[in-house]
Amino acid sequence: MKILLVSLLFLFSFETMQSQVGINTTTPSPAAVLDVNSSSDGVNFGGFMPPRVSPAERDLIPVTASDEGLMVYVINPPNNQLQLWDGTAWQIVFPQQANVDTVIAAWNMESLTAYGPSPYNPGNASASVTVSGLERGSGLNTSGSAGLDAWGANGWYSAAPTETQATAIANNNYVTFTITPVSGYNVSIISIEPYNVRRSGTGPTNGIWQYSIDGVNFVDIGTEIIWGGITSGAGNPQQSIDLSGINDLQNLTSLTTITFRVVNWGATAAGGTWYFNDFSAGDDLIIRGNTN
Ligand SMILES: [Ca+2]
């Protein structure tokens, strides 16, 4: 043991003078500041062990922007990960993203009647998340007859003579759902696939998607959408929405619940309707993301 200790000290002191350190080698590579050799005798071998921490222990590491490149192995069964600090967040080095661009939550509007239930749970959801169903805001109604194969409401009209996004929010004229990662998973929400909106002639003409990370303060996603003038069952095709550039929706853990909201305004009568519409053989509202 003494011999080993002395030889290690010798290696460190000797090589440190050269601004290099060799472990199990007296000739560290000129390219390496630290050269770790697996064996000193060709018989016994070992590997390099990065610091192993729990997620809570990792979060106690006082990293700053200047600490980029710091690496730890996070023990969090069944999702142990080699992680690297990039200056602003811990990024997963391994395993590589197991599910890229996968379905996070999806709803099929086929066969819904009477505006559909509230909440309306997704028929498909990733095991990496808990998803609350589509829910009507308290300002909305489900009176009268509803379109078939569609989830929505009427009662959007409540602020004559001129409704705006602000008055719609104040009157709780919106629909919501939430996505929360399951503990141990890392989830990035990257897109809303093309969907379809149906409305009646006096239903809301304008709307906007929003998200919140605290359930209270909401952020606009893009700009307002003009839903379109088709009032038949064919509905109005809507473009996909890219969420991959929104940092608040990336690398989520179970600590964060994302609330999505669609706020609608521009209705001209209380009976005016707005729906997420059935337009494909499968799911009609699909949220996609990356999970591991
Ligand atoms: Ca469908």
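How each quantity is defined
- Residues numbered from 1 in each chain as written.
- Predicted model: local features only at pLDDT ≥ 70, side-chain atom pairs only at ≥ 80, totals over all residues.
- Helix = DSSP H or I, 4+ residues; strand = E, 2+ residues; numbered from the N terminus.
- Core = buried A, V, L, I, M, F, W, Y, C linked by C-beta atoms within 7 Å.
- Buried ≥ 20, exposed ≤ 12 C-beta atoms within 10 Å, placed from the backbone.
- Contact = placed C-beta atoms within 7 Å.
- Pairing = 2+ DSSP bridges.
- Axes fitted to C-alpha atoms, helices over the stretch in contact; angles between N-to-C directions.
- pLDDT = per-residue confidence, 0-100.

## Quick look at unusual backbone geometry
Right, so step 1: Along the chain, S118 connects to P119 via a cis peptide bond; the corresponding omega equals 5°.
Right, so step 2: Of note, D101 is a non-glycine position whose phi angle comes to about 55°, a positive value.
Right, so step 3: Here D101 shows up in strand β7 (residues 99–107).
Right, so step 4: The phi torsion at N251 lies on the positive side, around 50°, for a residue other than glycine.

## Quick notes on the nonpolar core
Right, so step 1: With 46 residues, the main nonpolar core has W151, I179, I189 and F276 as its most contacted residues.
Right, so step 2: Per element, the largest residue contribution to this core is 5 residues, and it comes from strand β19 (residues 258–265).
Right, so step 3: With near-sequence residues (within four places) excluded, I189 lies in contact with I104, I179, L243, L249, I258, I287 and G289.

## Considering the sheet that holds strand β21 (residues 285–291)
Strands in a sheet are paired, the pairing made by backbone hydrogen bonds, and the direction either parallel or antiparallel.
Right, so step 1: Within the open sheet, the 5 strands sit side by side as β8-β7-β21-β13-β18. Their pairing is antiparallel. The open sheet is flanked by β8 (124–125) and β18 (241–242), the only strands paired with a single partner.
Right, so step 2: The pairing of β7 with β8 spans 2 bridges and is classified as antiparallel. Paired with A106 across the two strands is N124, which belongs to β8.

## Description of the pairing of strand β13 (residues 187–192)
Residues in a regular strand point their side chains to alternate faces of the sheet.
Right, so step 1: With respect to burial, β13 is a largely interior element, 5 of its 6 residues being buried.
Right, so step 2: Here β13 runs beside β21; their pairing, made up of 5 bridges, is antiparallel. Bridging across to β21, S191 finds its partner in R288.
Right, so step 3: Inspection of the sheet shows β13 paired to β18 by 2 bridges, in the antiparallel sense. Opposite S191, over in β18, you have D242 as the bridge partner.

## Details of the environment of T164
Right, so step 1: Looking at where T164 falls in the secondary structure, it is placed in the loop between β11 (150–153) and α3 (165–170).
Right, so step 2: Remark: the alpha-carbon pair of T164 and Q210, spanning 46 residues in sequence, is separated by 15 Å.

## Regarding the environment of G137
Right, so step 1: Residue placement: G137 occurs in the loop between β10 (135–136) and β11.
Right, so step 2: Taking C-alpha positions, G137 is 16 Å from A114, a pair spaced 23 residues apart along the chain.
Right, so step 3: Once residues within four sequence positions are removed from consideration, G137 is found in contact with N172, N173, Y174, V175 and T176.

## Remarks on the sheet that holds strand β14 (residues 195–199)
Right, so step 1: Read from one edge to the other, the open sheet built from 4 strands follows the order β11-β20-β14-β17, with strand pairing classed as antiparallel. Only two strands of the sheet have a single neighbouring strand rather than two, namely β11 and β17 (236–238). Pairwise comparison of adjacent strand axes, ignoring direction, gives a mean angle of 30° for this sheet.
Right, so step 2: Examined bridge by bridge, β14 and β17 share 3 bridges and lie antiparallel to one another.

## With respect to the confidence of the model for the chain
Right, so step 1: Mean pLDDT over the chain stands at 91; residues scoring 70 or higher make up 91%.
Right, so step 2: Between residues 1–16, whose pLDDT stays under 50, and residues either more than four places distant or in other chains, the model counts 8 contacts.

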